[in-house]
Amino acid sequence: MKILFYDTKSYDYDSFQYTLTDFPEITIEYIKSDLDPRTAALADGFDAVCAFVSSDVGADTLRILHEKKVGLVLMRCAGFNNVDLEKAKEYDIRVMCVPGYSPEAVAEHAIALALASNRRLYKAYNKVRENDFSLSGLMGFNFYQKTAGIIGTGKIGAAMCRICHGFGMRVIAYDVYENASLKDIVTYVSLDQLLAESDLISLHCPLMDSTYHMINIDTIQKMKDGVIFVNTSRGALVKTEDLIEGIRLHKFAGVGLDVYEEETQNVFEDRSDEILEHSTTARLLSFPNVMITSHQGFFTREALEAIAVTTLKNAQDYVEGRESKNDVK
Ligand code: NAI
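This one's a predicted model, so the numbers in the text were calculated from it and none came from an experiment.

About the cut-offs
- Residues numbered from 1 in each chain as written.
- Predicted model: local features only at pLDDT ≥ 70, side-chain atom pairs only at ≥ 80, totals over all residues.
- Heavy atoms only, no water.
- Pairing = 2+ DSSP bridges.
- Helix = DSSP H or I, 4+ residues; strand = E, 2+ residues; numbered from the N terminus.
- Axes fitted to C-alpha atoms, helices over the stretch in contact; angles between N-to-C directions.
- Expected span 1.5 Å × (residues − 1).
- Buried < 20%, exposed > 50% of the residue type's maximum accessible area, 1.4 Å probe, protein only.
- Salt bridge = Lys/Arg side-chain N within 4 Å of Asp/Glu carboxyl O.
- Near = heavy atom within 4 Å.
- Polar contact = N/O pair within 3.5 Å; in protein donor to acceptor, adjacent residues only side chain to side chain.
- Areas by Shrake-Rupley, 256 points an atom, 1.4 Å probe, with all protein chains shown as cover.
- 1 Å grid on protein atoms, 1.4 Å probe; cavity = no way out; pocket = protein on both sides within 12 Å on 5 of 7 lines; lining within 4 Å.
- Sits in = over half its atoms within 2 Å of the grid points.
- pLDDT = per-residue confidence, 0-100.
- Core = buried A, V, L, I, M, F, W, Y, C linked by side-chain atoms within 4.5 Å.
- Contact = heavy atoms within 4.5 Å.
- Parallel < 35°, antiparallel > 145°, perpendicular 65-115°, else oblique.
- Left-handed = near helix turned anticlockwise from the far one by under 90°.
- Nonpolar A, V, L, I, M, F, W, Y, C, P; charged D, E, K, R; others polar.

### Examining the sheet that holds strand β7 (residues 170-174)
Taking strand neighbours across the sheet as the criterion, the seven strands line up as β8-β7-β6-β9-β10-β11-β12 in an open arrangement whose pairing is parallel. Either end of the sheet is taken by a strand with one partner, and the two such strands are β8 (186-188) and β12 (290-292). In this sheet, adjacent strand axes meet at a mean angle of 20° when their direction is disregarded. Relative to β8, β7 runs parallel, the two being bridged by three bridges.

### Here we look at unusual backbone geometry
If you check the backbone angles, Asp92 has positive phi at about 60° while not being a glycine. Along the chain, Asp92 turns up in the loop between α3 (85-90) and β5 (94-96). Notably, His250 is not glycine yet its phi reads approximately 60°, a positive angle.

### Describing helix α4 (residues 103-118)
Taking 1.5 Å per residue, 16 residues should reach 22 Å; α4 reaches 23 Å between its end C-alpha atoms and fits that length. The buried count for α4 comes to twelve of 16 residues, which makes it a mostly enclosed element. Looking only at α4, the buried set comprises Pro103, Ala105, Val106, Ala107, His109, Ala110, Ile111, Leu113, Ala114, Ala116, Ser117 and Asn118. Within two residues after α4, Arg120 carries a phi angle of roughly 55°, on the positive side.

### Some details on the pattern of salt bridges
For the structure shown, the criterion picks out 17 salt bridges. Residues Asp12 and Arg76 are paired through a salt bridge, measuring 3.8 Å at the closest nitrogen-oxygen approach. You can see Asp12 sitting in helix α1 (residues 10-20) and its partner Arg76 sitting in the loop between β4 (72-75) and α3, a full 64 residues away along the chain. Classification of Asp12 by relative accessible area gives buried; the value is 8%. Note that Asp36 and Arg38 form a salt bridge whose closest N and O atoms lie 2.7 Å from each other. By relative accessible area, Arg38 is classed as exposed at 73%. Within the structure, one salt-bridge network assembled from shared partners comprises Asp60, Arg63 and Glu67.

### Concerning the site of the ligand
What surrounds the ligand is a group of 23 residues, the closest being Lys155, Ile156, Asp175, Thr232 and Phe298. Between an oxygen atom of the ligand and a main-chain N or O atom of Ile156, the distance comes to 2.8 Å. Here Arg234 contributes a side-chain N or O atom positioned 3.3 Å from an oxygen atom of the ligand. Its free accessible area being 870 Å², the ligand has 87% of it covered by the protein chains. In a pocket analysis with a 2 Å cut-off to the grid points, the ligand is assigned to the largest pocket.

### Some details on the confidence of the model for the chain
Averaged over all residues, the pLDDT of the chain equals 95, while 96% of them reach at least 70. Here helix α10 (residues 273-278) stands out as the element of the chain with the lowest mean pLDDT, 64, in contrast to strand β6 (residues 147-151), whose mean of 99 is the highest.

### Concerning the nonpolar core
Formed by 50 residues in total, the largest nonpolar core has its most connected members in Ile3, Ile26, Ile28, Leu65, Val73 and Met75. Take this core: its biggest share by element is six residues, from helix α12 (residues 301-319). When neighbours within four sequence positions are excluded, Ile28 is seen to be in contact with Ile3, Phe5, Phe16, Leu20 and Leu312. In this structure, Ile220, Val227, Leu284 and Val290 belong to the second largest nonpolar core, which totals 28 residues.

### Focus on the packing of α1 against α12
Closest axis-to-axis distance for the α1/α12 pair is 9 Å, and the angle between their directions is 55°. As the angle between them shows, α1 and α12 are arranged oblique. Note that α1 runs across α12; the crossing there is right-handed. Only Leu304, Ile307, Ala308, Val309, Thr311 and Leu312 of α12 make contact with α1, whose side of the interface consists of Tyr11, Ser15, Phe16, Thr19 and Leu20. Residue composition of the contact of α1 with α12, grouped by class: eight nonpolar, three polar and no charged.

### What about the sheet that holds β4?
Strands sit in the order β2-β1-β3-β4-β5 across an open sheet of five strands; the sheet is parallel. The open sheet has two edge strands with one neighbour each: β2 (27-30) and β5. Mean inter-strand twist for the sheet, computed between neighbouring axes without regard to direction, equals 20°. In this sheet, β4 lies alongside strand β3 (residues 48-51) in parallel orientation, the contact comprising four bridges. Within the sheet, the bridge partner assigned to Val49 lies in β4 and is Val73.

Below, the structure is given as structure tokens:
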């Protein structure tokens, strides 16, 4: 089976090439371009494409993949909100993903963002490098005995609950389904109660129609003043304009974001003044209590290895015509 691997980074190449030795029936060709309607035709002659969170796997892309007789989209990530599943079904293109490759990798990054924003580590680092050892502007608050509010308690949210519990926090959560494995450490509450009582709020639910812009000025106004807000899930869970308004209203002690709405628009690759001027991400970065990382939650050695292994096992299941729990329908 031949796979065209889009948006290849050197670490993808290394982890997939290393793992490929266990899959003799599979060959991979790596390209730097990401998958979108302009690049889909490059998959001519391939059985499968391998795509990522940044890829455009919408209707136009899928139509072209179908014309080129590609039967499989291998998402090398957990989320698949960028795939038009209806169209994939219509064209009989199988879509597979890698759920839960390392929930701890993302949860540990979420708590890192929470701590770094609370204790202003990014500011402290720069101050000391400039030989300024004063503590002005660095005061934080203890997480111990405070309340952590976790929205979405699937694999990553559950790992985050366990971490917060380990910090000695009271952990409350909101989810449409309760996770029974957390019954000893988490109290489920309504979203409104979570917003009102939490000192740290962390988002861990997927992006869907029902969760799009779930953090907006109405939900922000229900939060405690001085809350730490963290999003490592998907940018569009948050209405960025409203987050900016909330920051202006001094709602947040700190905001830590690993994901943001403009992620797929390469705002910072094309650094033209005009783009930056209108960029909500650039506006967010102008606030001293906001810390943004570039979607690196998944980026650990263990997670990359698990992604490569599961993606290639998914490809093998396709070759052998096996159903899989990693099928996205
Ligand atoms: P999961 O599927 O195990 O858990 C998601 C949870 O959200 C489920 O318990 C589900 O019931 C809940 N949920 C669904 N709708 C909800 C709603 N309206 N309100 C509250 N909860 C709701 O997913 P997992 O593996 O924990 O991943 C969560 C998200 O993390 C992914 O969808 C993805 O967007 C993001 N992610 C980010 C990464 C990064 O590098 N920053 C890497 C991997 C995933």
